[in-house]
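Overview (structure and organization)
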Protein chains: 2
Amino acid sequence: MTFWKILWQKKINISINQHKNSEYDYQNDIIIQDFNYKNDKVPIFLSKNKRIDLYELEQLCDTVGWVRRPLKKVKTAIEHSFLTVSLFYKNNNQTKMIAFARATSDNTFNATIWDVVVHPEFQRKGLGKILIKEVITELRYSDINTITLFADPQVINFYKNLGFIPDPDGIKGMFWYPN
Amino acid sequence: MTFWKILWQKKINISINQHKNSEYDYQNDIIIQDFNYKNDKVPIFLSKNKRIDLYELEQLCDTVGWVRRPLKKVKTAIEHSFLTVSLFYKNNNQTKMIAFARATSDNTFNATIWDVVVHPEFQRKGLGKILIKEVITELRYSDINTITLFADPQVINFYKNLGFIPDPDGIKGMFWYPN
């Protein structure tokens, strides 16, 4: 076999393996074995894999009324996020994304959490807490000490309960938008 | 010349050119020709190059009383920032960094500005405004619409004058620190 053929074959093998991992790795991290859902018990999985079904993510965002975003931009945002955390449930061999969060970071000092979403049917059951705690754990594992976010009024208390402080020392979150 | 030799020579040339650009490109962007400084007139340069003298940056941060940071972490933070903007002045062939800002981003939706610093001897002369306006211009050029930051109380009005809005729609900036 020639050099190029060997290289090509290796490349294909790597792709296949990566795909396999990305498609199934979240099944390894069961966070709740028997979650009560529609008179049934379903397992909930957690994944930090960035290979996300973008349609499924945007469908999840639809359920909480977010404005639709171009999938190309969503893809870019995920690729350039430091971290994504997704929750899934599995029922009758069907897997469904039910929660998501991501964080941007300089990889060492600061991180900012964006796009936190939990499917309405799965809210108020502790999954949001699990999601954000996992984000914090992962960021702390990378020795990132300042974790920030911008909270809508209705979720300020949720984040307070997780240890987030609004406006510490009078520091003010500020936004610039195009006119 | 063999294939590998040609490749190697190209690589060396690229390295040399990159180094040349990184070391001198900021001299091309004069933003103020005759800036009054200590009874002299000096030119002020702007650079978006990430190859920054880390010692000089930390010396600049010293002048505004910031806590010293491990240079290795500063290097990582700059490498993983979407953008850095630095201002320099030049006098008698000596170049000195006098202002700096950087932004993290997901490269498409959101960005957060960090580490904004202007040397005390150069403050209140419009350089901070030039710095942040350049950050905004660059982020907008990449179609990033939501530009955020966390402002200390004494600079909230400075950012308001640049079009930043504190707590829009009751959105609250929140921080999590390790205990």
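In this report, the structure presented in the accompanying data block is examined. Fair warning: this is a prediction, and the values are worked out from it, not measured in the lab.

**Observations concerning the pattern of salt bridges**
Pairs can form between side chains of opposite charge whenever their charged atoms are close. If you walk through the whole model with that rule in mind, you get 24 salt bridges over all chains. The shortest N-O distance in the salt bridge between Glu 134 of chain B and Lys 48 of chain B comes to 3.3 Å. Residue Glu 134 of chain B is found in helix α4 (residues 127-141), and its partner Lys 48 of chain B is found in the loop between β2 (40-47) and α2 (54-63); the two are separated by 86 residues along the sequence. Its relative accessible area of 19% is what places Glu 134 of chain B among the buried residues. A single salt-bridge network, built from bridges that share partners, covers Glu 58, Arg 69, Arg 102 and Asp 115 of chain A together with Asp 106 of chain B.

**Regarding the environment of Glu 56 of chain B**
All names here are of chain B. Mapped onto the elements of the fold, Glu 56 is located in helix α2. Note on Glu 56: relative accessible area 14%, which makes it buried. It is 16 Å that separates the C-alpha atoms of Glu 56 and Thr 76, two residues lying 20 residues apart in sequence. Apart from the residues lying within four places of it in its own chain, the contact partners of Glu 56 are Phe 88, Thr 95, Lys 96 and Met 97.

**Overview of the sheet that holds strand β7 (residues 165-166) of chain B**
Sheet strands associate in pairs through backbone hydrogen bonding, adopting either a parallel or an antiparallel arrangement. On the basis of which strands lie adjacent, the open sheet formed by 8 strands has the order β1(B)-β2(B)-β3(B)-β4(B)-β5(B)-β6(B)-β8(A)-β7(B) and mixed pairing. The open sheet has two edge strands, β1 (30-37) and β7 of chain B, and neither has a second partner. Alignment of strand β5 (residues 110-118) of chain B against strand β6 (residues 146-151) of chain B, held across 4 bridges, turns out to be parallel. Paired with Thr 112 of chain B across the strands is Thr 148 of chain B, a residue of β6 of chain B. Strand contacts of α4 of chain B: β8 (172-176) of chain A together with β1, β2, β3 (83-91), β4 (94-105), β5 and β6 of chain B, with the helix running at about 140° to β3 of chain B, the strand carrying the most contacts.

The rules behind each value
Residues numbered from 1 in each chain as written. Chains lettered and ligands numbered in written order. Predicted model: local features only at pLDDT ≥ 70, side-chain atom pairs only at ≥ 80, totals over all residues. Heavy atoms only, no water. Salt bridge = Lys/Arg side-chain N within 4 Å of Asp/Glu carboxyl O. Helix = DSSP H or I, 4+ residues; strand = E, 2+ residues; numbered from the N terminus. Buried < 20%, exposed > 50% of the residue type's maximum accessible area, 1.4 Å probe, protein only. Contact = heavy atoms within 4.5 Å. Pairing = 2+ DSSP bridges. Axes fitted to C-alpha atoms, helices over the stretch in contact; angles between N-to-C directions.

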